[in-house]
Amino acid sequence: MFVFDWKIILAAVLSAFIVLSWLMITRAPVYLPRLDANAPSPPEEEAYVFGFATLTNPVVRFVVLGRHAPAEPAALRGWQRHRRDLRDAPDLVLHGVRFRVTPAEMIRLDRYERTGRRYRRDLMELEDGSFAWVYRLMGEAGLEAVMD
């Protein structure tokens, strides 16, 4: 008589789930929206991105980029966060993080941010004089898209 050991079966199922999840996150991010036709081309080389909302979270960056993306504190002078966007604030400094991405990872970020439909990607100067891409809502169309 063959006896099933539930611990071995549970370990096998859990292991398969972990491996499949890892492959989906790192190789086939089916959970990200499709790249919008209006999205700009990614930069040709690695670039910095400034995150001030969800991208400050390392788990979100891992799921979106498919890898651990170390970030460092960064600041953007003359702006403040307003819900999901930025507003002019000449006397303020917006604190966030800066992290480096490849062109392929920028495409994954564009998919996550729905660049071309909800957000646009602007190259902006950070407080330290370096430049980073910043995602910003696209006018009224972006505000309407946030509500859908």
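Description of the structure in this document. (Residues numbered from 1 in each chain as written. Predicted model: local features only at pLDDT ≥ 70, side-chain atom pairs only at ≥ 80, totals over all residues. Heavy atoms only, no water.)

1. Notes on the overall build of the chain
Inference 1: For the chain, the helix and strand inventory stands at four helices and five strands.
Inference 2: Mapped in sequence order, the helices and strands of the chain form the string α-β-α-β-β-α-β-β-α.
Inference 3: The C-alpha atoms of the chain give 19 Å as radius of gyration, which overshoots the globular expectation for 148 residues (15 Å, by more than 25%).
Inference 4: In terms of overall dimensions, the chain has C-alpha extents of about 75 × 30 × 30 Å along its principal axes.
Inference 5: Summarising the internal contacts of the chain: among those between residues at least 6 apart in sequence, 65% fall at separations of at least 24.
Inference 6: One finds the centroid of the 20 positive side-chain charges in the chain at a distance of 7 Å from the centroid of its 19 negative side-chain charges. (Helix = DSSP H or I, 4+ residues; strand = E, 2+ residues; numbered from the N terminus. Rg over C-alpha atoms; globule rule 2.2 N^0.38 Å. Contact = heavy atoms within 4.5 Å. Lys, Arg positive; Asp, Glu negative; His and termini not counted. Charge placed at Lys NZ, Arg CZ, Asp CG, Glu CD.)

2. With respect to helix H2 (residues 58-65)
Inference 1: Residues of H2 that are buried include every one of Arg61, Val64 and Leu65, and no others. In an axial view of H2, the angular spread of the buried residues amounts to 85 degrees, which keeps them on one side of the axis.
Inference 2: On its buried side, H2 packs onto strand S3 (85-101) and helix H3 (103-113).
Inference 3: Measuring from the side-chain oxygen of the N-cap residue of H2 to the backbone nitrogen of Val59 gives 2.8 Å; that N-cap residue is Asn57. (Buried < 20%, exposed > 50% of the residue type's maximum accessible area, 1.4 Å probe, protein only. Arc of directions from axis to C-beta. Polar contact = N/O pair within 3.5 Å; in protein donor to acceptor, adjacent residues only side chain to side chain.)

3. Things to note about unusual backbone geometry
Inference 1: Positive phi, close to 55 degrees, is recorded for Arg83, a residue that is not glycine.
Inference 2: Structurally, Arg83 can be placed in the loop between strand S2 (72-82) and S3.
Inference 3: Assessed through its relative accessible area of 69%, Arg83 is described here as exposed.

4. Points about the side chain of Asp122
Inference 1: Secondary-structure assignment places Asp122 in strand S4 (residues 119-125).
Inference 2: Separated by 3.4 Å, the side chains of Asp122 and Arg136 make a polar contact.
Inference 3: Setting aside its immediate chain neighbours within four residues, Asp122 contacts Ala132, Trp133, Val134 and Arg136.

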